[in-house]
Amino acid sequence: MNSRNKASVRGIVMALLMVLAFACAPKAAYAAGPKDPKSITTLKNGSTITMYIGDAKGYEPVGAGTAWDRKSVISQVSQTYTAKLGTITDTTQSNFPKVMAYSYSDTYNNKDILVINGYQPGKSKVTFTYNGKKYKITVVVKKYVCPVKQLKIGKTSYLSKVKKDSRIRGALNKIGNKKISVKAASGWTLKGIYVAHVDYSKDTMSAWKKIKNGTVIPKKYNTIEIVLQNKTNKGVRNLYATL
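This one's a predicted model, so the numbers in the text were calculated from it and none came from an experiment.

**Q** Can you lay out the pairing of strand β7 (residues 111-118) for me, pointing to particular residues and giving the numbers?
**A** Note on strand geometry: in a regular strand, side chains alternate between the two faces of the sheet. The buried count for β7 comes to seven of eight residues, which makes it a mostly enclosed element. Note that strand β4 (residues 77-84) and β7 share eight bridges and pair antiparallel. Looking across to β7, one finds that serine 78 is bridged to asparagine 117. Here strand β6 (residues 99-106) pairs with β7 via eight bridges, running antiparallel. If you follow alanine 101 over to β7, its bridge partner there is isoleucine 116. In sequence, β6 turns back onto β7 through a hairpin of four residues, with asparagine 110 there showing a positive phi of about 60°.

**Q** Which residues make up a positive patch on the surface, and what are the values?
**A** Taken together, Lys123, Lys125, Lys134, Lys136 and Lys142 make up a surface patch of like positive charges. Secondary structure elements with two or more residues in the positive patch: β8 (122-130) and β9 (133-142). Looking at which element gives the most residues to the positive patch, the answer is β9, with three residues. Classification of lysine 125 by relative accessible area gives partly exposed; the value is 40%.

**Q** Break down the side chain of threonine 82 for me, with residues and values.
**A** Looking at the element boundaries, threonine 82 is found in strand β4. Here threonine 82 falls in the buried class, since its relative accessible area comes to 15%. Beyond its immediate chain neighbours, meaning those up to four positions away, threonine 82 contacts Pro37, Lys38, Ser39, Ile40, Lys111, Asp112 and Ile113.

**Q** So what's going on with the pattern of salt bridges? Residues and values would help.
**A** One pass over the full model with this rule turns up three salt bridges. For aspartate 55, the salt bridge identified is with arginine 167, shortest N-O distance 4.0 Å. In this pair, aspartate 55 is assigned in the loop between β3 (48-52) and β4 and arginine 167 in strand β12 (residues 167-169), connecting sequence segments 112 residues apart. Here aspartate 55 and arginine 167 have matching classes, each one buried.

**Q** Report on the sheet that holds strand β10 (residues 148-153), specifying residues and quantitative values.
**A** The sheet built from three strands is open, its strands ordered β11-β10-β13 with antiparallel pairing. Every other strand in the sheet has two partners, leaving β11 (156-157) and β13 (180-184) as the edge strands with one partner each. With five bridges joining them, β10 and β13 adopt antiparallel strand pairing. Bridge assignment links glutamine 150 to a residue of β13, and that residue is lysine 183.

**Q** So, the confidence of the model for the chain: which residues are in play, and what are the values?
**A** Here the chain averages 84 in pLDDT, and 79% of its residues register 70 or above. Taken as a whole, residues 2-32 scores under 50 in pLDDT and shows 36 contacts with residues more than four places along the chain or in a different chain. Confidence over residues 64-73 falls short of pLDDT 50; this stretch has 30 contacts with residues more than four positions distant or in other chains.

**Q** Explain unusual backbone geometry to me, and be specific about the residues and the numbers.
**A** For the peptide bond that leads from phenylalanine 96 to proline 97, omega is 15°, which places it in the cis range. Its place among the elements puts proline 97 in the loop between β5 (88-93) and β6. Unlike most non-glycine residues, asparagine 173 shows phi in positive territory, near 70°. A positive phi is found at asparagine 177, a non-glycine position, where the angle reads about 65°. Relative to the helices and strands, asparagine 177 resides in the loop between β12 and β13. Residue classification places asparagine 177 among the exposed positions, given a relative accessible area of 55%.

How each quantity is defined
Residues numbered from 1 in each chain as written. Predicted model: local features only at pLDDT ≥ 70, side-chain atom pairs only at ≥ 80, totals over all residues. Heavy atoms only, no water. Buried < 20%, exposed > 50% of the residue type's maximum accessible area, 1.4 Å probe, protein only. Helix = DSSP H or I, 4+ residues; strand = E, 2+ residues; numbered from the N terminus. Pairing = 2+ DSSP bridges. Patch = residues over 30% accessible without salt bridge, like charges linked within 9 Å, V, L, I, M, F, W, Y side chains within 5 Å. Areas by Shrake-Rupley, 256 points an atom, 1.4 Å probe, with all protein chains shown as cover. Salt bridge = Lys/Arg side-chain N within 4 Å of Asp/Glu carboxyl O. Lys, Arg positive; Asp, Glu negative; His and termini not counted. Charge placed at Lys NZ, Arg CZ, Asp CG, Glu CD. Contact = heavy atoms within 4.5 Å. pLDDT = per-residue confidence, 0-100.

Written as structure tokens, this is what we have:
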């Protein structure tokens, strides 16, 4: 099999894995939260964006909020950018399959959407055309680095759970009515703590609610995401609850 065919097969496999990952996730409400897309205007020609994979082994773990927790399945860390419908075209990337970039038109919401997925540590050049002007940016994908030095929910310390990947194992369904305490590791900043309620029997999820560090999480919430940003390269890493 030549390199072009191999790349094609890898692309098909990754696309199927993306579909599977989304199929296993609950349907979230449209509301402000830790994974909101950014405006395409935040991307400047020649700029660099940094993305942190959720696992020290070099791939994003899957199974947030579910019992499905296979570490052999490759997922992705994603960043999404939006613009007015009909303004983003001609998206390409180098170094596939470590990075995959694509754009599409969301006619229902009257937006163009650019998605950049990082699968493995590495560097890629992503090009796209916005409003008729061609842009080239550098995407740097890094392995997971533990972004906290303290993570307590109630009396339980979850620090050991997030040393090697971003899953707060054992926290799902166990956060309500408990105090949250987070201290960022050196070189990192705490950007936000978000909680929500997931109802797996109905395949639904409430809107994310941002809460303050050091406060008690309302009893009705059963899942959490903690967002931290690297001070040097501005790369963001979320920590999230699983079973």
